Amino acid sequence: MKKIKQILALAAVTIMILCALLTLIFAFLTYFNVGNFSDAWKASAWCMVVIPCFIYAMLLIYKVLDKRNK
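Note that the structure is predicted; figures quoted are calculated from it, not measured.

Trainee: For this particular structure, what's the right way to read the overall build of the protein chain?
Mentor: On a plain count of helices and strands, the protein chain comes out with two helices and zero strands. Projected onto its principal axes, the C-alpha positions of the protein chain cover 55 × 20 × 10 Å. Put simply, the protein chain has 70 residues, and 7% of those count as buried. Surface exposure of the protein chain reaches about 6,000 Å², of which carbon and sulfur atoms provide 76%.

Right under this line is the structure:
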């Protein structure tokens, strides 16, 4: 179980770093009018908020269900 948690934590960190980089890239491209990336920037910024909240909610549910089984 410890190995699975480590792999999932590494995947979550990787996804968050990727979302941060994409948000930065899309914001610069939108600012310099390189293309029409305004929707991509908004979606990436939204993911920067929603993904950590989703991960936190999953951890809370896991803790509640784990206590219930014991």
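Trainee: Help me understand the environment of Ala43 in this model?
Mentor: The residue Ala43 is located in helix H2 (residues 38-69) in this model. The spacing of Ala43 and Phe26 is 17 residues in sequence and 9.9 Å in space, taken between C-alpha atoms.

Trainee: Could you clarify how one ought to interpret the packing of helix H1 (residues 2-31) against H2 in this entry?
Mentor: Packed helices, taken two at a time, are described by the angle their axes make and the gap between the axes. In the contact formed by H1 and H2, the axes pass within 7 Å of each other and the chain directions differ by 160°. In terms of orientation, H1 lies roughly antiparallel with respect to H2. In this structure, H1 meets H2 at a crossing whose hand is left-handed. Residues Lys5, Ala12, Ile15, Met16, Cys19, Ala20, Leu22, Thr23, Phe26, Ala27 and Thr30 of H1 touch H2, and the partners they reach there are Ser38, Ala40, Trp41, Ser44, Ala45, Cys47, Met48, Ile51, Pro52, Ile55 and Tyr62. Broken down by class, the residue content of the contact of H1 with H2 amounts to 17 nonpolar, four polar and one charged.

Cut-offs applied
By convention here, each chain's residues receive numbers from 1 onward along its written sequence. Local features in a predicted model are, by the rule used here, given only for residues with pLDDT of at least 70; side-chain atom pairs are given and counted only at 80 or more, and totals for whole chains, interfaces and linings are based on all residues. Based on all heavy atoms of the structure, the side-chain values leave hydrogens and waters out of the count. A run of H or I in DSSP becomes a helix once it reaches four residues, and a run of E becomes a strand once it reaches two; helices and strands are each numbered from the N terminus. Throughout, exposure labels follow a simple rule: accessible area from a 1.4 Å probe, protein chains only, divided by the maximum for the residue type, with under 20% read as buried, over 50% as exposed, and the rest as partly exposed. Areas reported here follow the Shrake-Rupley algorithm with a probe of radius 1.4 Å; residue values treat only the protein chains shown as occluding. To obtain an axis, a line is fitted to C-alpha atoms, over the contacting stretch when the element is a helix, and the angle between two such axes runs from 0 to 180 degrees between their N-to-C directions. Should an angle fall under 35 degrees it is taken as roughly parallel, and over 145 as roughly antiparallel, whereas 65 to 115 is taken as roughly perpendicular and any remaining angle as oblique. Each crossing gets its hand from how the near helix is turned against the far one by less than a right angle, where anticlockwise is left-handed and clockwise is right-handed. Contacts are residue-level and defined by heavy atoms, with any inter-residue pair within 4.5 Å sufficient. Gly is put with the polar residues, along with every residue not named as nonpolar or charged; the nonpolar set is Ala, Val, Leu, Ile, Met, Phe, Trp, Tyr, Cys and Pro, and the charged set is Asp, Glu, Lys and Arg.

Nothing here speaks to function; it is geometry throughout.
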